[in-house]
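Chain by chain, the residues:
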Amino acid sequence: MLAEYDGFMPRLDSMIQVPGGQLHAVVDGDGPPVVLLHAGIADLRAWDAMVPPLVDAGFRVIRFDMRGLGSSRTDDVEFARHRDVLAVMDALGVGRAPLVGNSIGGMTALDLALEAPERVVALVLVASGIRGFDGGDTADEIAVGTAMEAADAAGEGDLLNELEIQFWVDGVGQPTTRVDPSIRRLMLEMNRPGCDADHIGGHPIALEPPANDRLGSVGVPTLAIVGALDASSQQATLVRIAAALPGARTMTLPGVAHMVGMEEPETLARLVLEHIRPLLPWS
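Residues numbered from 1 in each chain as written. Predicted model: local features only at pLDDT ≥ 70, side-chain atom pairs only at ≥ 80, totals over all residues. Heavy atoms only, no water.

What is the right way to read the nonpolar core from this model?
The nonpolar side chains of a soluble globular protein tend to be buried with one another. Ranked by internal contacts, the top residues of the largest apolar core, which has 39 residues, are Val35, Val88, Leu110, Leu112 and Leu123. Here this core takes five residues from helix H3 (residues 104-115), the largest share from any one element. Non-local contacts of Val88, meaning those with residues more than four positions away in its chain, are made with Ile16, Leu23, Ala25, Ile62 and Phe64. Counting 26 residues, the second largest nonpolar core, distinct from the first, contains Met50, Leu54, Val256 and Leu268. (Core = buried A, V, L, I, M, F, W, Y, C linked by side-chain atoms within 4.5 Å. Buried < 20%, exposed > 50% of the residue type's maximum accessible area, 1.4 Å probe, protein only. Helix = DSSP H or I, 4+ residues; strand = E, 2+ residues; numbered from the N terminus. Contact = heavy atoms within 4.5 Å.)

What should I look at first to understand unusual backbone geometry in this one?
Of all residues except glycine, most have a negative phi; of all peptide bonds, most are trans. Cis peptide bonds are those with omega within 30 degrees of zero, and the linkage from Glu208 to Pro209 qualifies with -10°. You can see Pro209 is positioned in the loop between strand S10 (203-204) and strand S11 (222-227). Unlike most non-glycine residues, Ser103 shows phi in positive territory, near 60°. Relative to the helices and strands, Ser103 resides in the loop between strand S8 (97-102) and H3. Even without being glycine, Ala127 reaches a positive phi, approximately 50°. With respect to the secondary-structure elements, Ala127 resides in the loop between strand S9 (120-126) and helix H4 (139-153). The buried category is assigned to Ala127, whose relative accessible area is 1%.

Sorry, what's going on with the packing of aromatic side chains here?
A ring pair, where both rings are aromatic, is described by two values, the distance of the centres and the angle of the planes. The final tally for this structure, using the stated rule, is two aromatic pairs. Ring centres of Phe59 and Trp282 lie 5.9 Å apart, and the angle between their planes is 20°; on these two criteria the pair is classed as stacked. With Phe59 in the loop between helix H1 (51-56) and strand S5 (60-64) and Trp282 in the segment after helix H9 (265-276), this residue pair connects regions lying 223 residues apart in the sequence. Classification of Phe59 by relative accessible area gives buried; the value is 2%. (Phe/Tyr/Trp six-rings, centres within 6.5 Å; stacked < 30°, edge-to-face > 60°.)

Could you clarify how one ought to interpret the confidence of the model for the protein in this entry?
Any region with low pLDDT has predicted coordinates that should not be read closely. Scored by pLDDT, the protein comes out at a mean of 95, with 96% of its residues at no less than 70. Every residue in residues 1-8 is under pLDDT 50, and counting partners more than four places away or in other chains gives 14 contacts. (pLDDT = per-residue confidence, 0-100.)

What exactly am I supposed to notice about the pairing of S5 here?
Looking down a regular strand, the side chains alternate between one sheet face and the other. Among the five residues that make up S5, five are buried, leaving the element largely enclosed by the rest of the structure. Of the two faces of S5, the one holding Arg60, Ile62 and Phe64 and the one holding Val61 and Arg63 are both buried throughout. Pairing analysis gives four bridges linking strand S3 (residues 21-28) to S5, with the strands arranged antiparallel. Bridged to Ala25 within S5 is Phe64. Where strand S4 (residues 33-37) lies against S5, four bridges are found, and the strand directions are parallel. Residue pairing across strands places Val35 opposite Ile62, the latter belonging to S5. In this fold, the crossover linking S4 to S5 by way of H1 has right-handed handedness. (Pairing = 2+ DSSP bridges. Right-handed = clockwise from strand over helix to strand, strands pointing away.)

Mind showing me how you'd approach the packing of helix H5 (residues 157-171) against helix H6 (residues 181-191) here?
If you want to describe how two helices pack, look at the angle between their axes and the distance between the axes. Close contact between H5 and H6 brings their axes to 10 Å; oriented N to C, the two are set at 130°. Compared by their axis directions, H5 and H6 come out oblique. The crossing of H5 and H6 is right-handed. Of the residues in H6, those in contact with Asn161, Glu162, Glu164, Ile165, Gln166, Val169 and Asp170 of H5 are Arg184, Met187, Leu188 and Asn191. Here the contact of H5 with H6 is built from residues that sort into four nonpolar, three polar and four charged. (Axes fitted to C-alpha atoms, helices over the stretch in contact; angles between N-to-C directions. Parallel < 35°, antiparallel > 145°, perpendicular 65-115°, else oblique. Left-handed = near helix turned anticlockwise from the far one by under 90°. Nonpolar A, V, L, I, M, F, W, Y, C, P; charged D, E, K, R; others polar.)

Explain the side chain of Arg184 to me, please; I cannot follow it from the model alone.
Note that Arg184 resides in helix H6. Given a relative accessible area of 11%, Arg184 falls into the buried group. Here Asp170 takes part through its side chain, which lies 2.8 Å from a polar atom of the side chain of Arg184. Each residue touching Arg184, except ones within four places of it in the same chain, is listed here: Glu162, Ile165, Gln166, Asp170, Thr176 and Val179. (Polar contact = N/O pair within 3.5 Å; in protein donor to acceptor, adjacent residues only side chain to side chain.)

Before we go on, may I ask you to explain H3 in this structure?
Quick reminder: α-helices carry 3.6 residues per turn. Residues three or four places apart thus point the same way. Across its 12 residues, H3 extends 16 Å between first and last C-alpha, which sits within 8% of the 16 Å expected from 1.5 Å per residue. Summarising burial for H3: 11 of the 12 residues are buried, a large majority. If you check which residues of H3 are buried, you get Ile104, Gly105, Gly106, Met107, Thr108, Ala109, Leu110, Asp111, Leu112, Ala113 and Leu114. Of the surrounding elements, those touching the buried residues of H3 are S4, helix H2 (81-91), S8 and S9. (Expected span 1.5 Å × (residues − 1).)

Would you take a moment to explain the pairing of S8 for this structure?
Burial runs high along S8: six of the six residues are buried. By the bridge criterion, five bridges tie S8 to S9 in an arrangement that is parallel. Bridge pairing links Gly101 to Leu125 in S9.

Okay, here's the thing in structure tokens:
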């Protein structure tokens, strides 16, 4: 159904059926499509601040909640994240589009570019990992990870949520007051359901062979971005992309951690537009 989006742009809200689940998708604006894929600790609301500048630039912005997150649902089934992206694109009549992916959303975008390159115009990988690549952790990061595992094993969902937000949103070793309080509150809200022991998120199927073994086969223009305060594994991923992905552009943004699109939406929107505009047209 069509509804108003903050009073200034059209919005389409829909539930898309996929095998074993339903995906909540939102479309804003008109024009060439751009698909935004959120992080695993968030839902589609993580892109709220990115939508207006992209729509104002003349693009149709598509986002959806991944299985088990936000308003999307899944049975306890196996599924492939990149095939869910294709299902959303198919349901919305999108043949090709640039993919902007944050964290696991970036990994999903990269997998899709390898499995169905004819559907992908370009990649913007934001604080992304690479399936099959281990960037390593510092001693401080290992300590936080151990605390997360203990909270998870003890069924302490609130503590696990707080630790995950400290790690990814604040940045390891950073004060809990570093980010805007409204961002932190929203992140705690979006991440909390996935911290429950009885949360159903399905069972993602890994791409084989993994993306790390196939980076040289990525044939679309790629921009990779990481925040300077993000985890060491994300910093290592940027180095790996620069070395192994032909023609990829990489950059580090100072003063931000994992959720770049929430901390610096105007900057990220500008970088996305600079990357995709020269590639027009597509549909």
